[in-house]
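Each chain is listed here by its residues.
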Amino acid sequence: MTNSVPSVPVVPHRSLGRRILDHWQIYLLIMPAMIYFFIFYYMPMAGLQIAFRDYRVTKGIWDSTWVGWKYFQKFFSHPQCWKIIRNTLGLSLYTLATFPLSIIAALLINELRSGVFKKTVQMITYAPHFISTVVICSMINLFMNQSTGLFNNISEMLGGSRVDFLGNASFFPHIYVWSSVWQDLGWGTIIYLATLSSVSPELHEAAYMDGANRMQIIWHVNIPSILPTVVIMLIMNCGRILSVGFEKIYLLQNSLNLDVSQVISTYTYELGLLGGQYSYSTAIGLFNTIVNVLMLVIVNTICRRISDVSLW
Amino acid sequence: MKAAIIRRTRADKVFDVLNVIFMVLILLIALYPLYFVLIASVSDAYAVAKGQVFLWPNGFTWESYMNVFKEPRVWTGYRNTIFYTVVGTTFSLFLTIPSAYGLSKKSLPGKHLLSIYFLIPMYFSGGLIPTYLVMKDLNLVNQWYSMILIAASSVYNMIVTRVYFQSNVPEELYESARIDGANELKTFFAIALPLVTPIIAVMTLFFAVSRWNDYFNSLIYVTKNDYLPLQMVLRSILLNSQTALQKVDTSSMDVDAIKNAARLAYMAEAMKYALIVVSSAPLLVAYPFVQKHFVKGMMVGAVKG
């Protein structure tokens, strides 16, 4: 009987270091990325301590005077502080509210019968994603211009009146969010279309046999099958709750809309790189990152409890 | 029974028709702004400003393009961006593909720790100023290689590539390669790489797009005029001269001078459309070639890590 037991070679328990050495060639392949991440991500993390120090160029990151929470207190007692946080959160939540649009678009693209038309829809709706933020912002400026802009030309042709979109701060959030929807609606469908393409056709046939119509199949088969992906995407979006697109906001900012367009990232840029207040700016940035991580952990925990889907 | 089927197909037909109409609408919304930029770029400057361009070019002319190419900054920006894109994308692939392969190996010791090492920066980072200070200490600011070394990696792309390796290179192949005596490096280059060319194409495109369109990093790390990429040049031309029209000072000019100044201002406006076309065309022409791999590359597991 002893012969039927597969002869497992006795592997002596060896240390991790020893086993890594045995696979040195794979580690050689990973090494460039490891070094890169160390220099470009982990070294700056060590630099975060200047949020608690009075950074002086002459003294450097490690030797500047320790000041504790000074710069955090400075930020929270700043009269602009809550306005900036509110602006950031507002734009972020508004963007999050458009999150379902890509899901709906993906569900509808998935229903298209003609393969050629489907491919065409995908190709054309991806196009805006490949345009740079600088170009998007200049298109916004060109199209929304009060005297020469396309939007105003069209609305005037239809009997409307010319509107100063760029000079009126109340338009800013809408311009910011809906131009992003235009740019990334199609691109956002890819992840859901990938999931939908892996739904087994038998599931559809079975539902069809049971008398389900198209809407019912979408509702009872397709949506449940992309739900885990939706949850994951939602968690990841919540982990960026205070990170709104710096490039676009910075490029669309002008003196007329600053009241609603000043956000944490543009403020830290102005203060830090342009103003030279390195420690103060780092403290605000650190606050931003910590809120993001906290949100990620909280939302992830909630999702794990109620839906069994989570990032980790 | 039969009636039920007919009724169902009728509902389906209505659904299909509405769906197609809706999609056509989406197509128009996605495409028209791009199409308008294209026709405005070859239209007469005055016609564009007066709102006489809607569906086709008005007063066809290459003048705007001539003006774009007369601008030396555009040439420098273009040259720099091509250099940053080609060399930078190569560097990014060098960082991403081999490490994704390594992490896809089931038997890799220390794999869990490595994954955590690569995942942490996805959610937690030093932020703007600490990163800037480290780059400055390492003499990476305002150098010809700044834009190549900075922002060269993406955890997300690494994960997507890793999942692709896992689901497209069968474990048995590694096994037989090992039995045949191939070492790990040989297995990577001769067996795994040829099987994942689609994801390499996708990654090349992704990295090239972020290099070509990058504005943020050049804003922070490059100020020397000679090193400015196209996006920085675009910004200074497209967004800073937006008041050209308003700058025309009519109080101190005679009629001809005003007309001439207005004409120049209109031309500056029209030139922007040509500039947008010139700077965006390379990517818009390139992505359809890789498009068929997008969906396949983005497997579900890719997001989860």
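The present account deals with the structure reproduced in this document. (Residues numbered from 1 in each chain as written. Chains lettered and ligands numbered in written order. Predicted model: local features only at pLDDT ≥ 70, side-chain atom pairs only at ≥ 80, totals over all residues. Heavy atoms only, no water.)

Focus: the packing of helix H8 (residues 133–144) of chain A against helix H9 (residues 150–157) of chain A
Each packed pair of helices is defined by two parameters, the angle between the axes and the distance between the axes. All names here are of chain A. The following threshold applies: Structural elements are reduced to axes, namely lines fitted to C-alpha atoms, with helices fitted over the stretch in contact, and the angle between N-to-C directions of any two is expressed from 0 to 180 degrees. Each helix is a run of H or I in the DSSP string that is no shorter than four residues. Each strand is a run of E no shorter than two, and both are numbered from the N terminus. Here a residue-residue contact requires only that any non-hydrogen atoms of the pair lie within 4.5 Å. Gly falls in the polar group here, along with every residue not listed as nonpolar (Ala, Val, Leu, Ile, Met, Phe, Trp, Tyr, Cys, Pro) or charged (Asp, Glu, Lys, Arg).
Contact geometry of H8 with H9 gives a least axis separation of 4 Å together with a crossing angle of 30 degrees. Contacts between H8 and H9 involve Leu-142, Phe-143 and Met-144 on the former and, on the latter, Leu-150, Phe-151 and Asn-152. In terms of residue class, the contact of H8 with H9 is built from five nonpolar, one polar and no charged.

A short note on unusual backbone geometry
Residues and elements named next belong to chain B. Heads up, the condition is: Partly exposed residues are those whose accessible area sits between 20% and 50% of the maximum for their type, while under 20% is buried and over 50% is exposed, using a 1.4 Å probe and protein chains only.
Positive phi is not limited to glycine here, since Asn-139 has a value of about 60 degrees. Examined against the element boundaries, Asn-139 turns out to sit in the loop between helix H6 (128–137) and helix H7 (146–149). For Asn-139, a relative accessible area of 45% corresponds to the partly exposed category. One non-glycine residue with positive phi stands out, namely Asn-142, at about 60 degrees. Here Asn-142 is to be found in the loop between H6 and H7.

Quick look at the interface of chain B and chain A
Our working rule: In this description, buried area is defined as the sum, over both parts, of the accessible area (probe of 1.4 Å) that is lost when the two are combined. The rule for a salt bridge is simple: a side-chain nitrogen of Lys or Arg has to be within 4 Å of a carboxyl oxygen of Asp or Glu. Whenever two N or O atoms come within 3.5 Å, that pair is a polar contact, provided that in protein one can donate a hydrogen and the other can accept it, and provided that, for residues adjacent in sequence, both atoms are side-chain atoms.
Every contact between the two is made by 105 residues of chain B and, on the other side, 99 residues of chain A. Each partner contributes to the roughly 9200 Å² buried at the junction of chain B and chain A, and carbon and sulfur atoms together form 77% of this total. At the surface where chain B touches chain A, the tally comes to two salt bridges. If you look at where chain B meets chain A, you find 19 residue pairs in polar contact (both at pLDDT 80 or more). When residues in the side of chain B that touches chain A are grouped by element, the largest group, 19 residues, is from helix H1 (residues 2–41) of chain B.

What to know about the environment of Thr266(A)
Residues and elements named next belong to chain A. Secondary-structure assignment places Thr-266 in helix H15 (residues 264–274). In the structure, Thr-266 is positioned 17 residues away from Ile-249 in sequence and 7.6 Å away in space, judged by C-alpha atoms. For Thr-266, the contacting residues outside a window of four places in its chain are Phe-246, Ile-249, Tyr-250, Gln-253 and Ser-261. A polar side-chain atom of Thr-266 sits 3.4 Å from a polar atom in the side chain of Gln-253.

Quick look at the nonpolar core
Put simply, the rule reads: For our purposes a nonpolar core is just a set of buried Ala, Val, Leu, Ile, Met, Phe, Trp, Tyr and Cys residues, chained together by side-chain atoms within 4.5 Å.
Residues Phe130(A), Tyr192(A), Phe118(B), Phe165(B) and Phe294(B) are the most contacted members of the largest nonpolar core, which totals 160 residues. By residue number, the principal contributor to this core is helix H10 (residues 172–197) of chain A, which donates 14 residues. Leave out the neighbours within four places in its chain, and Tyr192(A) touches Phe99(A), Ser102(A), Ile103(A), Ala106(A), Ile226(A), Thr229(A), Val230(A) and Met233(A). Of all hydrophobic cores here, the second largest spans 19 residues; its members include Phe52(A), Ile85(A), Leu242(A) and Leu271(A).

Looking at the layout of surface pockets
Just so we agree on the cut-off: For each structure, a 1 Å grid was placed over the protein atoms alone; sets of points admitting a 1.4 Å probe that cannot get out are labelled cavities, open sets with protein on both sides within 12 Å along at least five of seven lines are labelled pockets, and lining residues have an atom within 4 Å of a point. Grid points are joined across faces, edges and corners, and a volume is the space filled by probe spheres set on the points.
A volume near 840 Å³ is recorded for the largest pocket. Along the wall of the largest pocket there are 30 residues; nearest its centre are Trp178(A), Ser179(A), Trp182(A), Ile29(B) and Pro33(B). Mapped by element, the contributors of at least two residues to the lining of the largest pocket are helix H6 (99–111), H8, H9 and H10 of chain A together with H1 of chain B.

So, the packing of aromatic side chains
Where two aromatic rings form a pair, the distance of their centres and the angle of their planes describe that pair. Cut-off, in case you're wondering: The pairing test for Phe, Tyr and Trp rings, Trp by its six-membered ring, is centres within 6.5 Å, and the orientation test on the planes gives stacked under 30 degrees, edge-to-face over 60, and tilted for anything in between. Either the NZ atom of lysine or the CZ atom of arginine qualifies as a charge over a ring when it sits within 6 Å of the ring centre and within 35 degrees of the ring normal.
Counting across every chain of the model gives 48 aromatic pairs over all chains. Relative to Phe216(B), the ring of Phe246(A) has its centre 5.1 Å away and its plane inclined at 75 degrees; by these criteria the two rings are edge-to-face. Taken together, the residues span two chains, with Phe246(A) in helix H13 (residues 246–252) and Phe216(B) in helix H12 (residues 216–221). Between Phe188(B) and Phe189(B), the aromatic rings sit 4.8 Å apart at their centres with planes inclined by 65 degrees, giving edge-to-face as the arrangement. Exposure remark for Phe188(B): the relative accessible area of 2% places this residue in the buried category. Relative accessible area serves as the criterion here: at 52%, Phe189(B) is assigned to the exposed category. Three or more aromatic residues joined by ring pairs make a cluster, and in this case those are Tyr126(A), Phe130(A), Trp187(A), Phe206(B), Tyr287(B) and Phe294(B). Note that Lys74(A) overlies the ring of Tyr280(A), its terminal NZ or CZ placed 4.3 Å from the centroid.

Considerations on the pattern of salt bridges
Inspection of every chain in the model, using the stated rule, returns 13 salt bridges over all chains. A salt bridge links Arg18(A) to Asp22(A); the nearest nitrogen and oxygen atoms lie 3.9 Å apart. Within this pair, Arg18(A) and its partner Asp22(A) are both found in helix H1 (residues 16–22), separated by four residues, close to a single helical turn. Exposure remark for Asp22(A): the relative accessible area of 37% places this residue in the partly exposed category. With a shortest N-O distance of 3.6 Å, Arg113(A) and Asp16(B) are connected by a salt bridge. One end of the pair, Arg113(A), is in the loop between H6 and helix H7 (115–126); the other, Asp16(B), is in helix H1, on a second chain. Here the salt bridges do not stand alone but share partners, grouping Glu111(A), Arg113(A), Arg214(A) and Asp16(B) into one network.

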